[in-house]
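# Examination of the molecular architecture
Here is how the chains run, residue by residue.
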Amino acid sequence: MTNLVKRFLQDQSGATAVEYGLVAAGISVAIIAVMQGLGSKLSSAFVQGALK
């Protein structure tokens, strides 16, 4: 039983998948933030252009 626990604690195969998931989530949050900011600027530019 202790051998099984030692092998489980030393297993690193799942850690890589979790790290890639965290990186993908971080990139997604950054892209969403940039798109929201860009969308607001584009919207205000079109509204100001339509009022002229």
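Notes on the structure in this doc start here.

What counts and what doesn't
- Residues numbered from 1 in each chain as written.
- Predicted model: local features only at pLDDT ≥ 70, side-chain atom pairs only at ≥ 80, totals over all residues.
- Heavy atoms only, no water.
- Helix = DSSP H or I, 4+ residues; strand = E, 2+ residues; numbered from the N terminus.
- Rg over C-alpha atoms; globule rule 2.2 N^0.38 Å.
- Buried < 20%, exposed > 50% of the residue type's maximum accessible area, 1.4 Å probe, protein only.
- Patch = residues over 30% accessible without salt bridge, like charges linked within 9 Å, V, L, I, M, F, W, Y side chains within 5 Å.
- Areas by Shrake-Rupley, 256 points an atom, 1.4 Å probe, with all protein chains shown as cover.
- Salt bridge = Lys/Arg side-chain N within 4 Å of Asp/Glu carboxyl O.

### Quick notes on the overall build of the protein chain
Counting secondary structure elements, the protein chain contains two helices and zero strands. Against the globule reference of 10 Å for 52 residues, the protein chain gives a C-alpha radius of gyration of 23 Å, more extended than a compact globule. Burial statistics for the protein chain: of 52 residues in total, 0% are counted as buried.

### A word on a nonpolar patch on the surface
There is a patch of nonpolar side chains on the surface, built from V23, I27, I31, M35, L38, L42 and F46 and spanning about 730 Å² of accessible area. Residue position: V23 is located in helix α2 (residues 13–51).

### Quick look at the environment of F8
Relative to the helices and strands, F8 is located in helix α1 (residues 2–10). Judged by its relative accessible area of 65%, F8 falls in the exposed class. Placed 20 residues apart in sequence, F8 and S28 show a C-alpha to C-alpha distance of 31 Å.

### Some details on the environment of V29
Checked against the element boundaries, V29 lands in helix α2. Among the residues examined, V29 registers a relative accessible area of 57% and is labelled exposed. In this structure the C-alpha to C-alpha distance between V29 and L9, which are 20 residues apart in sequence, comes to 31 Å.

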